[in-house]
Amino acid sequence: MTLKGAFFAASALVSVGASALSAEVLTIATVNNGDMIRMQKLTDDFTAKTGHEVNWVTLEENVLRQRVTTDITTKGGAFDIMTIGMYETPIWAANGWLVPLDDLSADYDADDILPAMRGGLSHDGTLYAAPFYGESSMIMYRTDLFEAAGLEMPEAPTWDFVAEAARKITDRENEIYGICLRGKAGWGENMAFLTATANSFGARWFDENWTPQFDSAAWEETLTFYLDLMNDAGPPGASTNGFNENLSLFQQGKCGMWIDATVAASFVTNPNDSTVADKVGFALAPDTGKGKRGNWLWAWALGIPAGTQKEDAAKEFIEWATSKAYIELVAANEGWANVPPGARTSLYQNETYLSEAPFAEMTLKSINSADPLNPTVDPVPYVGVQFVAIPEFAGFATDVGQEFSAALAGQQTAQQALAKAQALVVDAMEAAGY
């Protein structure tokens, strides 16, 4: 070997060695829904491009929230990236618990993130988590059942119409239930749905003086309406059903309507997974004529806990997973209808996506109609549509969710559940110094 050849061979070895030394193994906590599972299957693309490998910790939604909250508050260091949302991000950022994402590459195009998503994942104007997908909630319904019953779904229905239609299309002998709604206890499960629903009935968590409002007529109307509707037209065992359980029921053809996250639209219209894929229509979440619809605003996003030793590699992963290029990767592998929705403006300017995703327009309308700064009919001192953006909320809202779930299971009345909810929240707020 010549001296020149030896030099280049040595240089190549140094380059490979440097690349191996810089490669990291990232541990990522995420939720067990379809889009995140799809991302895991595509992670080889990230590893091939960067050399970094990924260790996934995939958890049920309630468990994920508990695990990541415990880890970040105790500085446990178990995760390099966490899947979090609009509730946690601003609170944790204010506490200095998250790495700011203010230095992402120009190619990433952070300005393309939908304003609603960017605003909800920022603190003092700085982005602290990048949206993997964004969502609101809307009605998904069986067009064949509506046609057979002589019903026509309005684009913007009322709760009275939804309730009447649900009862009319229920066929228990054939395991078809008029409506499937969340009943599983959790601040992000049944309380996300019920809080957004309560907004449309004129209810609120607190008045302007931070006094809990579960003893109000509006909350009694909300909970009584929900329980009566689910008892008349819901599936059995609804008190244990969250997002994934209701998704499965709808895909099996057992739900006439399902009011839940807009992101579910790609799953219920996917013929590989859904028996009713060609029989699904979409409408805005219902209202009661008071000026607020029962839809929420959320993003499942990726954030980096402060103190990680793998910050640079974590940012590389976040850029990969929430980029325009990732959307195109999913489209190439799964079709445009299955790309992560609701995060980027450019997606809703893509004619191919708009033509292949029949739910795209309704998703964007639903996202744009949610107002976290003015979520309720009467004024409130908090921000958030389906949550209250204070640190104590996750704890006491989960407790309230357990009471409401117990009422749905027939273990207590609406009035008993509301009285317990009022006492729980009063005690929690007094303990917190409000």
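Every value quoted in this text rests on a predicted model; they were computed, and no experiment measured them.

Caption draft 1: Examining the sheet that holds strand β1 (residues 25-31) more closely. If you walk across this open sheet you meet the five strands as β2-β1-β3-β10-β6, and the pairing is mixed. Where the open sheet ends on each side, the last strands, each with one partner, are β2 (53-59) and β6 (130-135). Going from strand to strand, the sheet's axes swing by 15 degrees on average, the running direction of each strand aside. Of the strand pairs in this sheet, β6 and strand β10 (residues 298-303) are connected by five bridges, and their pairing is antiparallel. Within β10, the residue paired with Ala130 across the bridge is Leu302.

Caption draft 2: The arrangement of helix α18 (residues 414-432) in detail. Here α18 spans 27 Å end to end across 19 residues, near enough to the 27 Å set by a 1.5 Å rise per residue. For α18, the complete set of buried residues consists of Ala414, Ala417, Leu418, Ala421, Gln422, Val425 and Met429. The buried side chains of α18 occupy one side of the element, clustering within an arc of 135 degrees when seen end-on. Across α18 from its buried face, at more than 90 degrees, point the exposed residues Asp427, Glu430 and Ala431. Where α18 is buried, its residues touch α10 (217-233) and α17 (393-408). Positive phi appears at Gly433, one or two residues downstream of α18, with a value of about 90 degrees.

Caption draft 3: Inspection of the pattern of salt bridges at higher detail. Within this structure, the stated rule accounts for 22 salt bridges. Between Lys324 and Asp109 there is a salt bridge, with the nearest N and O atoms lying 2.8 Å from each other. One end of the pair, Lys324, is in helix α14 (residues 324-334); the other, Asp109, is in the loop between α5 (88-94) and α6 (115-120), with 215 residues separating them in the sequence. Salt-bridge contacts for Glu403 lead to Lys420; the nearest nitrogen and oxygen are separated by 4.0 Å. Of this pair, Glu403 sits in helix α17 while Lys420 is found in helix α18, placing the two residues 17 residues apart along the sequence.

Caption draft 4: Spotlight on the environment of Glu24. In this fold, Glu24 is placed in the loop between α1 (3-22) and β1. Here the alpha-carbon distance between Glu24 and Gly242, two residues 218 residues apart in the chain, equals 35 Å. Ignoring sequence-local partners within four residues, the contact set of Glu24 consists of His52, Glu53, Lys310 and Ala313.

Caption draft 5: The state of the cysteines, seen in detail. Under the counting rule described, the total for this entry stands at one disulfide. Residue pairing for Cys180: its cysteine sulfur links by disulfide to Cys255, the two sulfurs lying 2.1 Å apart. Residues Cys180 and Cys255 share a disulfide whose torsion about the S-S bond is about -85 degrees; that sign makes it left-handed. Placement of Cys180 in the loop between α8 (159-169) and α9 (190-200) and of Cys255 in the loop between α11 (243-251) and β8 (257-261) is noted, with a sequence separation of 75 residues between them. The class of Cys255 is buried, set by a relative accessible area of 0%.

Caption draft 6: Representation of the packing of α8 against α10 in the model. Axis separation between α8 and α10 bottoms out at 9 Å; the angle between their running directions is 20 degrees. Judged by the inter-axis angle, α8 sits roughly parallel to α10. Here the hand of the crossing between α8 and α10 comes out left-handed. The residues of α10 that touch α8, namely those facing Trp159, Asp160, Ala163, Ala166 and Arg167, are Phe225, Asp228, Leu229, Asp232 and Ala233. Grouping the constituent residues of the contact of α8 with α10 by class yields six nonpolar, no polar and four charged.

Caption draft 7: Structural context of the packing of helix α3 (residues 43-50) against helix α13 (residues 311-321). Closest axis-to-axis distance for the α3/α13 pair is 11 Å, and the angle between their directions is 130 degrees. By the criterion of interaxial angle, the relationship of α3 to α13 is oblique. Crossing of α3 against α13: the hand is right-handed. For the pair α3 and α13, the contacting residues are Thr43, Asp45, Phe46 and Thr50 in the first and Ala313, Glu316, Phe317 and Trp320 in the second. Its residues assigned to classes, the contact of α3 with α13 shows four nonpolar, two polar and two charged.

Caption draft 8: The arrangement of unusual backbone geometry in detail. Even without being glycine, Asp124 reaches a positive phi, approximately 55 degrees. Examined against the element boundaries, Asp124 turns out to sit in the loop between β4 (122-123) and β5 (126-127). Positive phi values are uncommon outside glycine, yet Trp210 reaches one of about 65 degrees. The topology assignment puts Trp210 in the loop between α9 and α10. For Trp210, a relative accessible area of 22% translates into the label partly exposed.

Caption draft 9: Representation of the nonpolar core in the model. Judged by nonpolar contacts, the single largest core of 150 residues is most densely connected at Ile179, Trp205, Met257, Phe317, Phe393 and Phe404. Broken down by element, this core gets its largest block of residues, nine residues, from α10. Setting aside residues up to four positions removed in sequence, Phe393 forms contacts with Tyr87, Trp187, Trp205, Gln386, Phe387, Val388 and Thr398.

Caption draft 10: Geometry of the sheet that holds strand β7 (residues 137-142). Spatial strand order, β8-β7-β9: three strands in an open sheet with antiparallel pairing. Both edges of this open sheet fall to β8 and β9 (280-284), since each of them pairs with a single strand only. On average, each strand axis in the sheet is tilted by 30 degrees relative to the strand beside it, whichever way the strands run. The pairing of β7 with β9 spans five bridges and is antiparallel. Looking at β9, one finds that Met140 is bridged to Phe282. Packing of α8 onto the sheet brings it into contact with β7 and β8, and relative to β8 it is tilted by some 135 degrees.

Parameters at a glance
- Residues numbered from 1 in each chain as written.
- Predicted model: local features only at pLDDT ≥ 70, side-chain atom pairs only at ≥ 80, totals over all residues.
- Heavy atoms only, no water.
- Pairing = 2+ DSSP bridges.
- Helix = DSSP H or I, 4+ residues; strand = E, 2+ residues; numbered from the N terminus.
- Axes fitted to C-alpha atoms, helices over the stretch in contact; angles between N-to-C directions.
- Expected span 1.5 Å × (residues − 1).
- Buried < 20%, exposed > 50% of the residue type's maximum accessible area, 1.4 Å probe, protein only.
- Arc of directions from axis to C-beta.
- Contact = heavy atoms within 4.5 Å.
- Salt bridge = Lys/Arg side-chain N within 4 Å of Asp/Glu carboxyl O.
- Disulfide = S-S within 2.5 Å.
- Parallel < 35°, antiparallel > 145°, perpendicular 65-115°, else oblique.
- Left-handed = near helix turned anticlockwise from the far one by under 90°.
- Nonpolar A, V, L, I, M, F, W, Y, C, P; charged D, E, K, R; others polar.
- Core = buried A, V, L, I, M, F, W, Y, C linked by side-chain atoms within 4.5 Å.

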